[in-house]
Amino acid sequence: MSVGTGWRPDGPADGVVIGEGVLLDTRPASVASRLCGGIVDVIALLVGAYVATRLLGGVDLALDAQTGRILMIVVLVTVVLVLPTTVETLTRGRSLGKLVAGIRVVRDDGGPLTFRQAFVRALTGVLELWATLGSVAFLTSLVHPQGKRVGDVLAGTYAARVRGAAPVRRTTPMPPALAGWAAHADVARLPDGLALAVRQFLARADRLHPASRVQLGTRLCAELGPFVSPPPPAGTHPEAFLAAVLAERRRRETDVELDRVRRGEEEARLLRRLPHGVPDPAA
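My aim in this report is to walk through the structure given alongside it, one point at a time. (Residues numbered from 1 in each chain as written. Predicted model: local features only at pLDDT ≥ 70, side-chain atom pairs only at ≥ 80, totals over all residues. Heavy atoms only, no water.)

## Some words on the overall build of the protein
- Tallying secondary structure elements over the protein gives ten helices and six strands in all.
- Counting only residues that meet the buried cut, the protein has 32% of its 283 residues in that class.
- Of the accessible surface of the protein, which amounts to about 17000 Å², a share of 65% is contributed by carbon and sulfur atoms. (Helix = DSSP H or I, 4+ residues; strand = E, 2+ residues; numbered from the N terminus. Buried < 20%, exposed > 50% of the residue type's maximum accessible area, 1.4 Å probe, protein only. Areas by Shrake-Rupley, 256 points an atom, 1.4 Å probe, with all protein chains shown as cover.)

Okay, structure coming up:
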């Protein structure tokens, strides 16, 4: 099979493709969504600070100047560092504002946020969010392709959408040149993980780096080859071979399912039929 990048099975899909070709549906959130979430978080902090102040207002505390300064530093560190780190760690990247905006902070590979990453984001936020009133974070999010702020760049994270219209999943089409070969080929049952990796590789192929696309496509062809006999015609593009196998597999599974449904309906009809040729009064 020839190797190249010129064949396109269908349109690209949104998400993140990890090393094994698995597509994760984690689309970067827009700057507007992140701004909305940030505003809600600030409002929540201000409301919390107001309630705490009212509750402590009736308590008569005799504090000297030095103790007052220490207490003020502790409160500031708690609000700008400890609280954001704790909330994002426990909620796996979903503060109140992010919950309202329908976004979540995830790792660059689509995995859940860790304590270290939440701490780096909060520590960087002291300067880019609080000291500059969010202007640095806003400008950075505007120019970054994934809408990252400085804290996301340093922590290896980004804000992903977790709510909204689901992308349309289109089936992999059968390459016309391989339809005849696929109809007579012996395709064994594929491991679920391999079938998923192939399908998601084809859906994301147009957005992969050309060298990585060729390497991953060739590797998947080598893994898929033992399950198909005879091999495809000489000169077949690897991605065309992968698409033909998936399309034929889907067609055969659909035929089996339709046949199962038809046989079930036929058996049900026979069970309802009266014996000895007695006509059914409901007919």
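Having put the structure on the table, let's press on.
## Some points on helix H8 (residues 192-204)
- Between its first and last C-alpha atoms H8 spans 18 Å; for 13 residues at 1.5 Å apiece the expected length is 18 Å, and the two agree.
- Listed in full, the buried residues belonging to H8 are Leu194, Ala195, Ala197, Val198, Gln200, Phe201, Leu202, Ala203 and Arg204. (Expected span 1.5 Å × (residues − 1).)

## A few points about the pattern of salt bridges
- Going through the model one piece at a time under the given rule, you end up with 19 salt bridges.
- Between Lys98 and Glu88 there is a salt bridge, with the nearest N and O atoms lying 3.3 Å from each other. Taken as a pair, Lys98 in helix H3 (residues 96-101) and Glu88 in helix H2 (residues 65-90) lie far apart in primary sequence, ten residues in all.
- Owing to a relative accessible area of 11%, Lys98 belongs among the buried residues under this scheme.
- Given a relative accessible area of 7%, Glu88 falls into the buried group.
- One salt bridge in this structure joins Glu266 and Arg269, with 2.6 Å as the shortest N-O distance. Within this pair, Glu266 and its partner Arg269 are both found in helix H10 (residues 238-272), separated by three residues, close to a single helical turn.
- You can call Arg269 partly exposed: its relative accessible area is 40%.
- When salt bridges that share partners are traced, they join Arg34, Asp41, Glu88, Lys98, Arg121 and Asp152 into one network. (Salt bridge = Lys/Arg side-chain N within 4 Å of Asp/Glu carboxyl O.)

## Here we look at the packing of aromatic side chains
- Throughout the structure, instances matching the rule amount to two aromatic pairs.
- On the numbers, 6.3 Å between centres and 20° between planes, the contact of Phe115 with Phe119 is stacked. In this pair, Phe115 and Phe119 are both assigned in helix H4 (residues 115-131), four residues apart and thus about one turn of the helix distant.
- Residue class for Phe119 comes out partly exposed when judged on its relative accessible area of 34%.
- Centre to centre, the rings of Trp181 and Phe241 are 6.0 Å apart; their planes meet at 50°, and the pair counts as tilted. In this pair, Trp181 is assigned in helix H7 (residues 179-184) and Phe241 in helix H10, connecting sequence segments 60 residues apart. Each member of the pair, Trp181 together with Phe241, is buried. (Phe/Tyr/Trp six-rings, centres within 6.5 Å; stacked < 30°, edge-to-face > 60°.)

## Quick word on the packing of helix H9 (residues 210-224) against H10
- The interhelical angle for the contact between H9 and H10, taken along N-to-C directions, is 45°, at an axis separation of 9 Å. What the angle tells us is that H9 and H10 run oblique. Crossing angle aside, the handedness with which H9 passes H10 is left-handed. Listed contacts from H10 to Arg213, Gly217, Leu220, Cys221 and Leu224 of H9 are Pro238, Glu239, Phe241, Leu242 and Val245.
- Of the residues that constitute the contact of H9 with H10, the class distribution is seven nonpolar, one polar and two charged. (Axes fitted to C-alpha atoms, helices over the stretch in contact; angles between N-to-C directions. Parallel < 35°, antiparallel > 145°, perpendicular 65-115°, else oblique. Left-handed = near helix turned anticlockwise from the far one by under 90°. Contact = heavy atoms within 4.5 Å. Nonpolar A, V, L, I, M, F, W, Y, C, P; charged D, E, K, R; others polar.)

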